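Examining the three-dimensional arrangement
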Amino acid sequence: MPSMVPSRSESLYVLNQIIISPSDTDYLDQLIPSIKEYSVGNKTSELLRSLSKFASDKEAEIENICNTNHQEFVSSVNQLLHIREGTVSLTAEILDLNQSIQASTEKLAEQKKALVESRQHRLNIDETSRAIQDCLEVLRLANQVHDLLAKKNHYAALRALEELQNVHLKGVTQFQIADMIQRSVPATQRAIAEAVMSDLNTWLYRIREMSQYLGEIALYHTDLRKTRQKERAARLPYLEHFKLNSAIELVCDEHEEFDLLQNEELQVDFTPLFECLHIHQSLGQMEKFRVEYANTRRRQKELLIPASVTLVDDDGASLHNLLEEMAGFAIVERATMKKVPDLRYPVDVDELWESMCHTAVGLISTALHEVDNAESLLKTKNLIALFMQTMNTWDFAMGAFEDLLLTLFKKYAELLKKRFSDDFQEIVSTDDYMPMPIQTPEEFDKVLNVSWYTPSEPQEQAFPCVLPFSQMYPLCCIDIRNFLNQFYFFANDDFTNPDIIDATLKDALDELLSSKVCDTLVERLNSQYLGQIVQILINLEHFEHACHELELLLAAARSQNFSSEPVALKATGKFRDNKKAAEKRIFEVVNSKIDDLIETAEYDWTAAAAPTEPSNYMQTLTRFLSNIMNSTLLGLPKEIKELIYFDALSHASTMILALPLSAEVKRINPNGVMALAKDVEYLYQFVDSLNNPILRENLDELQQTVQLMQAENADEFYDISMRNKKYGRVDAINGPTLLEKLTHTVQSPVKMDKFSTLSSRFGKK
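Everything numeric here is computed off the predicted structure, so don't read it as measured data.

Describing the overall build of the protein
The secondary structure content of the protein amounts to 26 helices and two strands. Taking contacts inside the protein between residues at least 6 apart in sequence as the whole, the part at least 24 apart equals 75%. Summing over all exposed atoms, the protein offers an accessible surface of approximately 43400 Å²; the carbon and sulfur share of this is 53%.

Now the structure itself:
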């Protein structure tokens, strides 16, 4: 185990390291570990001895060196002493010089002190001068603010005030004048705000005054745009599908752009508004300004709307003024909103607009009761539509005025119905109910153009001529066409409810045709004049055809409004149904006339001699039938004429047969039968001349009955097979009745027995 005590060689090594240490720090760094090592082995004394010995050795070495260089040292000491003597003398001289300098310095210090004091006074004077200049500049700027305000340079005054407050006052805050001016700044700001608001109110008043003129220009240029659009549509029909303010129309009209607010006729300068807005923004009073501006415009809106309007003035000035004022006011509002978005919000402008619209619509609706002329109402509608198109250009909602147009249309429809109702009533009541005479081709063409009538014979027409209908038909057709045109005048491209017009027009036409034409014609069927009744039937026929044409026309017009539903007029069925009533009435009148003629028959059933010619009543009857066929019924369709003839002959046959069957006729001799037979033959020949086998069948019963009464062997009638062969149309009751009467007129007993036999077969006494 190695020893804990360092050896002598180690001690020497440590001493050498200590000696050669370059600094005190390294010296201690070498000494401290050695002390620790020797202290561990309790060898501290040994270390001290080593150090003492080392010191002794070094002293001896130094002494040796000193003994060797003693002479040099002594000479050096002498030199130092000599140098010291010189130094002392120099010190004395320096002290003297110092005293001299000190004396000069004290004098200089006194002069410097006086100079410093002089400079301080000068600085104070300079500072005072600068302060006076700054205060004068502040006063000058304060006066300049008021001068600018007096010259109405409000923005410059505000800038000068801000410069005064933010720049110049900060340099004179230590002076009382700064306090005074600072306290006056709010009052000056209020004065600037009030002055600029006064100018803005003047501007608003001028805007209020020019609103009507601005609206007038806006409506005028919208009308010009409509004219240009129509001209373009005339050149290019495709453009007819695009309304005003559509994208296509706006593109087509780009080269005609017109600035309503800046043009040769009118200039609206928004500078006062911008200045006022900017000043209030600078003052931090934007919200207050916005509220005040809105209130001012609201008051102006209330002043703009009059207490009432009239729609019956000659030039429509009242409504023109109202709509032009509204248009100008609203256009300024929209322009203000676009130029200054922070001042007018869209909701504020729209609210103000809606308020104006509802008030104006209320005034116009109240004034509607004054209007009793459809043309005046149409002018009102056109003006309102032009106003709506103008405001659509500026993106204003027109819902209130669209509802107003519906109200106007209802009023317009009522006025048209009333006027045309009176016209129809007059036409129908004053008609002569005679076929319409035509004198010239021009007159004929006019009738064809206005009425729904196509001649059945397209070959060249000879003049003068007579048309089948009476004059009321083309006159009513003219009124119907005018009625349609008047309705569709209202329904041009600025009306957004075409379906309502279609429905209203259909109902109005139905009512006019049904109540004013058809019902009036039906009332006149009570006439006893056959020609008038026949003419009514012919007119009903043509009106039914006109209704069919109207249905097609209305369907075509409706298809343009994007609706393909078929149109059915109730009047069509009503005319068709009343044709049957007219036919029935013709039957009644013809049959009544036949009854009257047959009632004049004066048969002598027990005449002593046979007649030589037909009875007068029969001749009159056939002449009557011939006349109505060739004149009165000439204009009727062939099938109706045949039906009337068929019914008339059937009725005549029945009434003639009823003559011998009358209870008043007790006896009929062969001469009476001969008279009846001659009349029946005469009637048969007349019917045969008509060349219509169907009409002959009406006389079969009458003819066979007469033949039975003339038969030599009347018993054949009681033989079923013979009766069906020869007397099949004779009534089974009427035959025996007549035979009974004929038998009583014969004086022969044989015939009496025969009659008794026949009577017993039928249970007669």
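Now that the structure has been shown, the text picks up again.
Looking at the nonpolar core
In terms of nonpolar packing, the biggest core is built from 166 residues, with M326 and F401 touching the most fellow members. At 14 residues, the largest contribution of residues to this core is made by helix α13 (residues 399-429). Aside from chain neighbours lying at most four places away, what touches F401 is L323, M326, C357, A360, V361, I364, I384, F387 and M388.

Brief notes about the packing of helix α19 (residues 616-632) against helix α21 (residues 670-688)
At a closest axis distance of 10 Å, the pairing of α19 and α21 adopts a crossing angle of 15°. Here α21 runs roughly parallel to α19, going by the angle between their axes. Crossing handedness for the pair α19 and α21: right-handed. On the side of α19, the interface is formed by Y617, M618, Q619, T622, L625 and S626, while α21 contributes D679, Y682, L683 and F686. In the contact of α19 with α21, the residues fall into six nonpolar, three polar and one charged.

Here we look at the packing of aromatic side chains
For the structure shown, the criterion picks out 15 aromatic pairs. Directly above the aromatic system of F396 lies the positively charged group of R334, at a separation of 4.1 Å from the ring centroid. Looking at R481, its charged tip hangs above the ring of W452, at a distance of 4.2 Å from the centre.

Here we look at the confidence of the model for the protein
Chain-level statistics for the protein give a pLDDT mean of 79 and a share of 78% at 70 or above. In the model, residues 744-765 has pLDDT below 50 throughout and makes 21 contacts with residues more than four positions away in sequence or in other chains.

Side note on the environment of Y345
Summarising the element assignment, Y345 is placed in the loop between α10 (317-339) and α11 (346-367). Exposure remark for Y345: the relative accessible area of 37% places this residue in the partly exposed category. Distance from Y345 to R334, taken between C-alpha atoms, is 9.7 Å for residues eleven residues apart in sequence. Sequence-distant contacts of Y345, that is, excluding residues within four places in its chain, are made with R290 and M337.

Some remarks on the pattern of salt bridges
Side-chain pairing between opposite charges can occur once the charged atoms of the two side chains come close. All chains considered together, the criterion is met by 19 salt bridges. Here E61 ties to K58 by a salt bridge, and the two come within 3.6 Å at their closest N and O atoms. In this pair, E61 and K58 are both assigned in helix α3 (residues 44-68), three residues apart and thus about one turn of the helix distant. On the basis of relative accessible area, K58 is assigned to the partly exposed category, the value being 35%. Ionic contacts of the salt-bridge type, sharing partners, join the residues E541, E544, R576 and K579 into one network.

Description of the packing of α10 against helix α12 (residues 374-393)
What describes two packed helices is the angle between their axes and the distance between those same axes. Between α10 and α12, whose axes approach to 11 Å, the crossing angle comes to 5°. In terms of orientation, α10 lies roughly parallel with respect to α12. Contacts between α10 and α12 pair L319, H320, L323, M326, A327, A330 and I331 from the former with T380, L383, I384, F387 and M391 from the latter. Of the residues in the contact of α10 with α12, the class split is ten nonpolar, two polar and no charged.

A few points about unusual backbone geometry
Its identity as a non-glycine residue notwithstanding, D395 has a phi of 65°, on the positive side. Considering the arrangement of structural elements, one finds D395 in the loop between α12 and α13. For D395, a relative accessible area of 59% translates into the label exposed. Even without glycine at this site, N691 takes up a positive phi of about 55°. Tracing the backbone through its elements, the reader meets N691 in the loop between α21 and α22 (693-696).

Focus: a nonpolar patch on the surface
A surface patch of nonpolar side chains, amounting to about 330 Å² of accessible area, comprises F73, V74, V77 and L81. Looking at where V74 falls in the secondary structure, it is placed in helix α4 (residues 70-150). Taking the relative accessible area as the measure of exposure, V74 reaches 31% and is therefore partly exposed.

Re helix α23 (residues 700-710)
Counting buried positions along α23 yields eight of eleven residues, so the element is predominantly enclosed. Listed in full, the buried residues belonging to α23 are D700, L702, Q703, Q704, T705, V706, L708 and M709.

Things to note about the state of the cysteines
Here the structure, examined in full by the defined rule, presents zero disulfides. You can see C547 has no disulfide; the closest cysteine sulfur is in C518, sitting 8.5 Å from it.

Procedures and definitions
- Residues numbered from 1 in each chain as written.
- Predicted model: local features only at pLDDT ≥ 70, side-chain atom pairs only at ≥ 80, totals over all residues.
- Heavy atoms only, no water.
- Helix = DSSP H or I, 4+ residues; strand = E, 2+ residues; numbered from the N terminus.
- Contact = heavy atoms within 4.5 Å.
- Areas by Shrake-Rupley, 256 points an atom, 1.4 Å probe, with all protein chains shown as cover.
- Core = buried A, V, L, I, M, F, W, Y, C linked by side-chain atoms within 4.5 Å.
- Buried < 20%, exposed > 50% of the residue type's maximum accessible area, 1.4 Å probe, protein only.
- Axes fitted to C-alpha atoms, helices over the stretch in contact; angles between N-to-C directions.
- Parallel < 35°, antiparallel > 145°, perpendicular 65-115°, else oblique.
- Left-handed = near helix turned anticlockwise from the far one by under 90°.
- Nonpolar A, V, L, I, M, F, W, Y, C, P; charged D, E, K, R; others polar.
- Phe/Tyr/Trp six-rings, centres within 6.5 Å; stacked < 30°, edge-to-face > 60°.
- Lys NZ or Arg CZ within 6 Å of the ring centre and 35° of its normal.
- pLDDT = per-residue confidence, 0-100.
- Salt bridge = Lys/Arg side-chain N within 4 Å of Asp/Glu carboxyl O.
- Patch = residues over 30% accessible without salt bridge, like charges linked within 9 Å, V, L, I, M, F, W, Y side chains within 5 Å.
- Disulfide = S-S within 2.5 Å.

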